[in-house]
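# Structure at a glance
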Amino acid sequence: MFRFCFINISTIPDVNECTDPGVCPGQHCVNLEGSFRCQDCPIGYSSPGCKDRDCPPQFQKVGTKCIYISSAKANFQDANAKCRDLGKGFGHLTIIEDKLLYKRLTNQMALELNYWIGIRSEADGSLKYVDGRPMQTNAYNEWETSPKANPSMQCAMMSGPKDFVWIMRNCDESLPFACEAPMKNNQPLIG
Ligand SMILES: [Ca+2]
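Residues numbered from 1 in each chain as written. Predicted model: local features only at pLDDT ≥ 70, side-chain atom pairs only at ≥ 80, totals over all residues.

Under an unreviewed UniProt entry, the name given to the protein is Tetranectin-like, and the source organism is Lingula anatina.

Encoded structure:
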């Protein structure tokens, strides 16, 4: 006696290819009926499976940095401390070394506001980043007036998209601020 066996393709159970972490390395895997698709992770998220956030909460990925633009105001020192806390111990006022980062930042800034950034002048007039490095001479460096013009103005703020310049202000002034923190896989090792 014959027995016909019809195989209905649609009844074959789908294989969830996404259970294999090697299927979409660095991307988000979407299981489809009879197939699967690899999708780019949303901005700020990374592999595996786009579950890891590259940046601390409230920070956004801008180029290779994690950036937070405050709406609250603080003096220079408090702003830098706030950045450190928000960056889980690794944050500080942002250090802008190229104009491209500056341009990307200004997309998030309020047009009419100025923001503390991580540059200040020392007693001898030299300029230092808040991470302790001396200011790099080949880095982006556009001052409205000489940063040494007024000795009572020792902390740098950046202006918005109109002119892309830095201006020295009194460090006790209360301003909004721009923080940066390293991306998750780029954090300095402690100890
Ligand atoms: Ca599938």
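Anyway, onward from the coordinates.
### Looking at the overall build of the protein
When helices and strands are tallied, the protein shows 2 helices and 12 strands. Helices and strands in the protein line up, N terminus first, as β-β-β-β-β-β-α-β-α-β-β-β-β-β. Here the protein, with 191 residues, has 24% of them falling under the buried criterion. Partitioning the intrachain contacts of the protein with sequence separation of at least 6 by distance along the chain shows that 54% fall at a separation of at least 24. (Helix = DSSP H or I, 4+ residues; strand = E, 2+ residues; numbered from the N terminus. Buried ≥ 20, exposed ≤ 12 C-beta atoms within 10 Å, placed from the backbone. Contact = placed C-beta atoms within 7 Å.)

### Looking at the sheet that holds strand S7 (residues 92-93)
Strand order in this open sheet of 4 strands is S5-S6-S12-S7, and the pairing throughout is antiparallel. Two strands in the sheet have a free side with no partner beyond their single neighbour: strand S5 (60-62) and S7. In this sheet, strand S12 (residues 178-181) lies alongside strand S6 (residues 65-69) in antiparallel orientation, the contact comprising 4 bridges. Residue pairing for S12: Cys66 is matched across the bridge by Ala181. Running at roughly 145° to S5, helix H2 (residues 99-106) makes contact with S5, S6 and S12 of the sheet. (Pairing = 2+ DSSP bridges. Axes fitted to C-alpha atoms, helices over the stretch in contact; angles between N-to-C directions.)

### Focus on unusual backbone geometry
Despite not being glycine, Gln58 shows a phi value in the positive range, around 80°. On the secondary structure map, Gln58 appears in the loop between strand S4 (52-53) and S5.

### A look at the sheet that holds strand S10 (residues 155-158)
Across the sheet, 4 strands lie side by side as S9-S8-S10-S11; this open sheet has antiparallel pairing. Two strands in the sheet have a free side with no partner beyond their single neighbour: strand S9 (127-129) and strand S11 (166-169). Taking the axes of each pair of neighbouring strands and ignoring which way they run, one obtains an average angle of 40° across the sheet. In terms of strand pairing, strand S8 (residues 115-121) meets S9 through 3 bridges, oriented antiparallel. Following the sheet pairing, Arg120 is matched in S9 by Lys128.

### Comments concerning the environment of Ile119
In this structure, Ile119 sits in strand S8. By C-beta crowding, Ile119 is classed as buried, having 25 other C-beta atoms within 10 Å. Between the C-alpha atoms of Ile119 and Thr94, which are 25 residues apart in sequence, the distance is 8.5 Å. Residues within four places of Ile119 in sequence aside, it is in contact with Leu127, Tyr129, Met135 and Ala156.

### So, the pairing of strand S1 (residues 28-32)
Bridge analysis of S1 against strand S2 (residues 35-39) gives 5 bridges, and the strand direction is antiparallel. Residue Asn31 lies in a different strand from S2, and its bridge partner there is Phe36. Hairpin connection from S1 to S2: 2 residues lie between these consecutive antiparallel strands, with Gly34 at a positive phi of about 75°.

### So, the pairing of S10
The alternating pattern of S10 places Cys155 and Met157 on one face and Ala156 and Met158 on the opposite face, and all of these are buried. Examined bridge by bridge, S8 and S10 share 3 bridges and lie antiparallel to one another. Across the sheet, residue Arg120 finds its bridge partner in S10, namely Cys155. Examined bridge by bridge, S10 and S11 share 4 bridges and lie antiparallel to one another. Within S11, the position partnered with Met158 by the bridge is Trp166.

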